[in-house]
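Listed below, chain by chain, are the residues.
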Amino acid sequence: LLVASRAGWMSAQQMGMELLSKARDAGAATLIPSSLQGVRTASDGQVEAALLSVPGESEPLEVRTGAVVNAAGPYAGVVDALLRGGGGEGGGGRELPLQNEVHAKAVLRDDLSAVPGDAPMVVWTDPVTLPWSEEEAEALLEIGGFEASLAGSLPGGFHLRPYPGKPHSLLMLWEAIHADVAVPREPPEEAELRGSLFAELTLRALSRAVPALGGYLGEDGSMTANVSVDGGYYSKAPDNLPLIGPAAGGPRGAYMCAGLSGYGIMAANAAGELLAKHVTGAPLPEAYAAGFLPERWESEEYRRGVESGAIGKGFQI
């Protein structure tokens, strides 16, 4: 059981809006909706323009630029393949091993005040067996598949955090519940979530750590809590380190900032600053910049090292 007693709290949405507002003040513009169709390059392989598809326009919109940044989140692999085919010198290379996995969260209205509003974030790291009745466990085993797995020992990693505001709420997460959901390289816009089942299973697990949460489980096994569920994707490389720098195999002037896994908000500003140094040609931090370059995946030795465990992996959430 991990208790992060000094963890702070922030709003990712408000941070994003603040950064967008400052970017616009500095002259940045947004074009929504639109999608990247490709890039135009000069004879020497340097990016000259980005070609965008805009609703209502029969021809792509050409935006002249010397730099294109792939910060497409779960679609970064698709955009990377597009940039590799963008023409000019240096096109090609190996496909990046980016993986997408479903990430969901549940917000429970804590009408029973089961968890104090000033409680810290709590993470349960040990395996757990959910509190089923004998009849419920037998029924799950009879169904088979994912449902049958719920009757046995499950991975830990579920956590909760009181959510600021009124009414008093709890933020609950457990990645194990969607670990078996396969996500294609180009994922659907809406992630496939297990909805209320995800919320109930996470609540059952958390009741092991906080028994008072069991008050939201009825005598018939049903969940009586008021819960909302939403989610999306974590995008990650097998070494769980971000991809920041020139796009390997793409034209000169193509860059990437992706694969920030479960620590995207925490690392976003530092990742953006590092990327800006690459784009502007500013001196790079010697301590870590090379370790995040996308080109590391062009090396067969590096791929095998990660697969075998000889090369360590980054922070996993």
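Residues numbered from 1 in each chain as written. Predicted model: local features only at pLDDT ≥ 70, side-chain atom pairs only at ≥ 80, totals over all residues. Heavy atoms only, no water.

Q: So what's going on with the overall build of the chain? Which residues, and what values?
A: Of the regular secondary structure elements, the chain holds 7 helices and 14 strands. Counting only C-alpha atoms, the chain reaches 70 × 45 × 45 Å along its principal axes. The long-range share in the chain, meaning contacts at least 24 apart out of those at least 6 apart in sequence, stands at 68%. Put simply, the chain shows about 17000 Å² of open surface, and 54% of that area lies on carbon and sulfur atoms. Between the mean site of the 22 positive side-chain charges and the mean site of the 39 negative ones, the chain shows a separation of 7 Å. (Helix = DSSP H or I, 4+ residues; strand = E, 2+ residues; numbered from the N terminus. Contact = heavy atoms within 4.5 Å. Areas by Shrake-Rupley, 256 points an atom, 1.4 Å probe, with all protein chains shown as cover. Lys, Arg positive; Asp, Glu negative; His and termini not counted. Charge placed at Lys NZ, Arg CZ, Asp CG, Glu CD.)

Q: Tell me about the sheet that holds strand S3 (residues 47-53), and please be specific about residues and values.
A: Strands sit in the order S2-S3-S4 across an open sheet of 3 strands; the sheet is antiparallel. Each of the sheet's edge strands pairs with one partner strand only, and the pair in question is strand S2 (35-41) and strand S4 (61-64). Ignoring strand direction, the axes of neighbouring strands in this sheet form an average angle of 30°. Where S2 and S3 come together, 6 bridges link them in antiparallel fashion. Of the residues in S3, the one forming a bridge with arginine 40 is alanine 49. (Pairing = 2+ DSSP bridges. Axes fitted to C-alpha atoms, helices over the stretch in contact; angles between N-to-C directions.)

Q: Describe in detail the side chain of histidine 178, supporting the description with residues and values.
A: Here histidine 178 is to be found in the loop between strand S11 (169-173) and helix H5 (195-209). By relative accessible area, which is 3% here, histidine 178 ends up buried. Sequence-distant contacts of histidine 178, defined by excluding residues within four places in its chain, comprise Val102, Ala104, Glu192, Leu193, Arg194 and Phe198. (Buried < 20%, exposed > 50% of the residue type's maximum accessible area, 1.4 Å probe, protein only.)

Q: Before we move on, could you go through the nonpolar core and cite the residues and values that matter?
A: Residues Val115, Trp174 and Leu213 are the most contacted members of the largest nonpolar core, which totals 32 residues. Looking at this core, the elements that each hand over two or more residues are strand S6 (99-109), helix H3 (134-143), strand S10 (158-163), S11 and H5. The leading source of residues in this core is H5, at 6 residues. Contact partners of valine 115, with chain neighbours within four places excluded, come to Asp110, Leu160, Pro162, His168, Leu170, Val210 and Leu213. (Core = buried A, V, L, I, M, F, W, Y, C linked by side-chain atoms within 4.5 Å.)

Q: Could you give me a rundown of the packing of aromatic side chains, with the residues and numbers involved?
A: This structure, assessed with the given rule, holds 4 aromatic pairs. Aromatic side chains phenylalanine 158 and tryptophan 174 sit 5.2 Å apart centroid to centroid with 75° between the ring planes, which places their arrangement in the edge-to-face category. Separated by 16 residues along the polypeptide, phenylalanine 158 in strand S10 and tryptophan 174 in the loop between S11 and H5 bring together distant segments of the chain. With respect to class, phenylalanine 158 is no different from tryptophan 174; both count as buried. For the ring pair tyrosine 288 and phenylalanine 292, a centre distance of 5.9 Å and an interplane angle of 45° mean the geometry is tilted. Aromatic ring contacts, followed pair by pair, group Trp124, Phe158 and Trp174 into a single cluster. The cationic tip of arginine 194 hangs over the ring face of phenylalanine 146; the distance from NZ or CZ to the ring centre is 3.6 Å. (Phe/Tyr/Trp six-rings, centres within 6.5 Å; stacked < 30°, edge-to-face > 60°. Lys NZ or Arg CZ within 6 Å of the ring centre and 35° of its normal.)

Q: Tell me about the sheet that holds strand S13 (residues 243-246), and please be specific about residues and values.
A: Taken in spatial order, the 3 strands of this open sheet run S5-S14-S13, and their pairing is mixed. A single partner strand is all that each edge strand has here, and the edge strands are strand S5 (68-70) and S13. Here the average twist between neighbouring strands, direction ignored, is 20°. Pairing analysis gives 4 bridges linking S13 to strand S14 (residues 254-258), with the strands arranged antiparallel. Note that in S14 the partner of proline 246 across the bridge is tyrosine 255.

Q: Now, about helix H6 (residues 264-280): what can you tell me, with residues and values included?
A: Between its first and last C-alpha, H6 extends 23 Å over 17 residues, near the 24 Å set by a 1.5 Å rise per residue. Of all bends in H6, the biggest is about 30°, found at alanine 270. Of the surrounding secondary structure, the elements contacted by the buried residues of H6 are S5, S13 and S14. Downstream of H6 by a residue or two, glycine 281 has a phi angle that is positive, lying close to 80°. (Expected span 1.5 Å × (residues − 1). Bend = angle between axes of the 7 residues up to and from the residue.)

Q: Account for the environment of tyrosine 263, naming residues and giving values.
A: Along the polypeptide, tyrosine 263 turns up in the loop between S14 and H6. For tyrosine 263 and tyrosine 234, which are 29 residues apart along the polypeptide, the C-alpha to C-alpha distance reads 9.1 Å.

Q: Report on unusual backbone geometry, specifying residues and quantitative values.
A: Residue proline 33 follows isoleucine 32 across a cis peptide bond; omega there is 0°. Counting through the fold element by element, proline 33 comes out in the loop between helix H1 (12-25) and S2. The phi dihedral of serine 113 is positive, around 50°, even though this residue is not glycine. Positive phi values are uncommon outside glycine, yet asparagine 240 reaches one of about 60°. Relative to the helices and strands, asparagine 240 resides in the loop between strand S12 (226-236) and S13. Overall, asparagine 240 belongs to the buried group, its relative accessible area being 3%.

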